Structure formats: C-alpha cells, structure tokens
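Spelled out from the first residue to the last, the chains are:
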Amino acid sequence: AFEAAMQEHLQEIQAIANQKEPASFENTLIPLEKSGAALKRVQAVFFHLAGADTTSAIQDIEEKIAPKLAGHSDDIFLNPQLFSRVQQLWDQRDKIATSEEKSRLLEETYEAFVRAGAK
C-alpha cells in the first residue's frame, strides 16, 4: 500500500511540476496541498496501528518504510521544476496573496521547500 500510494503521489507531483501554464495558486499550490491523499491515509492507518499495538512485524515494516518515506519526501521537495513554480509564486507574493489564508499557505509551502534543501 505504501509503494502504490507513493507512486500515485509522485505522478500527481509530476503533473503539477510539468505544467506549461505559469504558476498560480489554482494550478500549483492548491493541487500540491491536495496531493498525496492516498499516502496520507496509508500512513495514518499504519502509524496509528503501530502506536496502538506494535509487534515485531510492524516494527520491521517501520524500519523498511522509513528510508523510503524520507526518499519520497526528497523526491518532492528537491524537484527543481516544482520548486521553480513555488519560487515564482513566492517572488510575486505581494501581488497574488490576496488573503491571509493564501499568504499563509504560500509562506508555509515555500519555507518547507527551503528547509528541505530546495535552494
């Protein structure tokens, strides 16, 4: 389930990163925020189970999946095309962040990329 969900998430990310249209909230940040729903569900179920009733089998899965999840995160936050779109929005933030919610979403997204090493 983890593998399938990560693959689906990367396909969603590539679709966002490879768009021809200029970056906007509607075609970059909103889809990015919504991406990975299947992975979020798999993680929630698995890690709640692991926390509530851990076994050696569950711990083995945790050990195997942790580096894969870290690599998956790197594949997203270190994607140069995707970061370029986020950077474009960040550079125009005074013009396009027309609400407090949009401003906060853009700030959190940009900072997450920078903290992960995108710059």
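The rules behind each value
Residues numbered from 1 in each chain as written. Predicted model: local features only at pLDDT ≥ 70, side-chain atom pairs only at ≥ 80, totals over all residues. Heavy atoms only, no water. Core = buried A, V, L, I, M, F, W, Y, C linked by side-chain atoms within 4.5 Å. Buried < 20%, exposed > 50% of the residue type's maximum accessible area, 1.4 Å probe, protein only. Helix = DSSP H or I, 4+ residues; strand = E, 2+ residues; numbered from the N terminus. Contact = heavy atoms within 4.5 Å. 1 Å grid on protein atoms, 1.4 Å probe; cavity = no way out; pocket = protein on both sides within 12 Å on 5 of 7 lines; lining within 4 Å. Points joined across faces, edges and corners; volume = space filled by probe spheres on them. Nonpolar A, V, L, I, M, F, W, Y, C, P; charged D, E, K, R; others polar.

Enquirer: Provide a residue-level description of the nonpolar core, including the pertinent values.
Expert: Membership of the largest hydrophobic core comes to 18 residues, with the highest contact counts inside it found for Leu-29, Leu-32, Leu-82, Leu-89, Leu-106 and Phe-113. For this core, the secondary-structure elements that each account for two or more residues are helix 1 (2-17), helix 2 (25-34), helix 5 (80-91) and helix 7 (100-115). Here this core takes 5 residues from helix 5, the largest share from any one element. The contacts of Leu-106, once residues within four sequence positions are left out, are Phe-25, Leu-29, Val-86, Leu-89, Trp-90 and Arg-93. Membership of the second largest hydrophobic core comes to 11 residues, among which are Ala-5, Leu-39, Ile-65 and Leu-69.

Enquirer: How would you summarise the layout of surface pockets if you had to cite specific residues and measurements?
Expert: Put simply, the largest pocket is a space of about 390 Å³. What lines the largest pocket is a set of 20 residues, among which His-9, Leu-32, Ser-35, Ile-76 and Phe-77 lie closest to the centre. Looking at the lining of the largest pocket, the elements with two or more residues in it are helix 1, helix 2, helix 3 (37-52), helix 4 (56-77) and helix 7. Grouping the constituent residues of the lining of the largest pocket by class yields 10 nonpolar, 7 polar and 3 charged.

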